[in-house]
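Listed below are the residues making up each chain.
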Amino acid sequence: MSPLLRAAAACACGLALVACGTQGPGTATAGSPSERATAGSPAGPESGTPAPTAPADLPTSTAEVAVERGGAEPALVTGVRTGRHDGFDRVVVDFAGPLPGYTAQWADELVQDGSGEPIDLDGDVALHLLLTPADAHTEDGEPTWTAGPVAGSLEVVSRIVKTGDFEGRVGIALVMTSRTPFRVKEYTGPGRLVVDVRH
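Description of the structure in this document.

**Some details on the nonpolar core**
Buried together is how nonpolar side chains tend to be arranged in soluble globular proteins.
And then number 1: Core analysis: the biggest nonpolar cluster contains 29 residues, and Val-93, Leu-127, Leu-131, Ile-172 and Leu-174 have the highest contact counts within it.
And then number 2: At the level of elements, β2 (75–85), β3 (88–96), β4 (101–107), β7 (125–132), β10 (169–176), β11 (182–187) and β12 (192–198) are the ones that each hand at least two residues to this core.

**Remarks on a negative patch on the surface**
And then number 1: The grouping of Glu-73, Glu-139, Asp-140 and Glu-142 at the surface amounts to a negative patch.
And then number 2: Of note, Glu-142 is situated in the loop between β8 (134–135) and β9 (159–166).
And then number 3: Looking at Glu-142, the relative accessible area reads 51%, which means it is exposed.

**A closer look at the packing of aromatic side chains**
And then number 1: Counting across every chain of the model gives 1 aromatic pair.
And then number 2: Taking the centre distance of 6.0 Å and the plane angle of 80° together, the rings of Trp-106 and Phe-182 count as edge-to-face. With Trp-106 in strand β4 and Phe-182 in strand β11, this residue pair connects regions lying 76 residues apart in the sequence. Exposure class is identical for Trp-106 and Phe-182. Each is buried.

**Regarding the pairing of β9**
And then number 1: Relative to β10, β9 is paired through 7 bridges, and the arrangement is antiparallel. Residue pairing for β10: Lys-162 is matched across the bridge by Ile-172.
And then number 2: Between the antiparallel neighbours β9 and β10 lie 2 residues, among them Glu-167 with a positive phi of about 50°.

**A look at the environment of Asp-122**
And then number 1: Among the secondary structure elements, Asp-122 is positioned in the loop between β6 (118–119) and β7.
And then number 2: Sequence spacing of Asp-122 and Thr-177 is 55 residues, and the spatial spacing of their C-alpha atoms is 9.4 Å.

**Observations concerning the pattern of salt bridges**
And then number 1: Counted under the stated rule, the structure contains 10 salt bridges.
And then number 2: A salt bridge links Arg-81 to Asp-94; its shortest N-O distance comes to 2.7 Å. One end of the pair, Arg-81, is in strand β2; the other, Asp-94, is in strand β3, with 13 residues separating them in the sequence.
And then number 3: With a relative accessible area of 14%, Asp-94 lands in the buried category.
And then number 4: Of the charged contacts, one joins Lys-162 and Asp-165 as a salt bridge, the two residues approaching to 4.0 Å between their closest N and O atoms.
And then number 5: Connected through salt bridges with shared partners, the residues Asp-57, Arg-90, Arg-183 and Asp-196 form a single ionic network.

The rules behind the values
Residues numbered from 1 in each chain as written. Predicted model: local features only at pLDDT ≥ 70, side-chain atom pairs only at ≥ 80, totals over all residues. Heavy atoms only, no water. Core = buried A, V, L, I, M, F, W, Y, C linked by side-chain atoms within 4.5 Å. Buried < 20%, exposed > 50% of the residue type's maximum accessible area, 1.4 Å probe, protein only. Helix = DSSP H or I, 4+ residues; strand = E, 2+ residues; numbered from the N terminus. Patch = residues over 30% accessible without salt bridge, like charges linked within 9 Å, V, L, I, M, F, W, Y side chains within 5 Å. Areas by Shrake-Rupley, 256 points an atom, 1.4 Å probe, with all protein chains shown as cover. Salt bridge = Lys/Arg side-chain N within 4 Å of Asp/Glu carboxyl O. Lys, Arg positive; Asp, Glu negative; His and termini not counted. Charge placed at Lys NZ, Arg CZ, Asp CG, Glu CD. Phe/Tyr/Trp six-rings, centres within 6.5 Å; stacked < 30°, edge-to-face > 60°. Pairing = 2+ DSSP bridges.

Purely geometric stuff here, so don't read any function into it on its own.
This is the structure we're talking about:
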């Protein structure tokens, strides 16, 4: 082949390679699955942007709560605990044995169950829990819960008062300055009532 023909052949081959193009491994071509997955996708949030938070689950009702529950054996109150949470104060009543029935209602005046002696609320109001059938003492008469705790670390509940432990009824008053939404939840294993009072 003459030098002129060899040069023409090389030129034609080079033009064919340019027209076809070359593709290395891992490169997406138009219309490929990987390009369709990314083309037009919205950009993710910028780094450091906080995720939106859901509204807090807070109590919304001030209405009386009443749950009837019969039982041959009274539930035994073993203690009362408190804790302050974001948006509400929490009071937990612990039990040995099954959960009792209960009412939770607002009161402007309270009396000591059994004696009828008035309980001084100092002008405040109380969310009164009445547990039945329930005891806060052993068969020998030893108290399993006396009163309190002092609610100094809470925001709306100023003190907790034992209003009675008489004939299968235990009374617990959550004293505060005004009525506010609350809720009562039941838990088992061990048994407990959880009362949340909104700030």
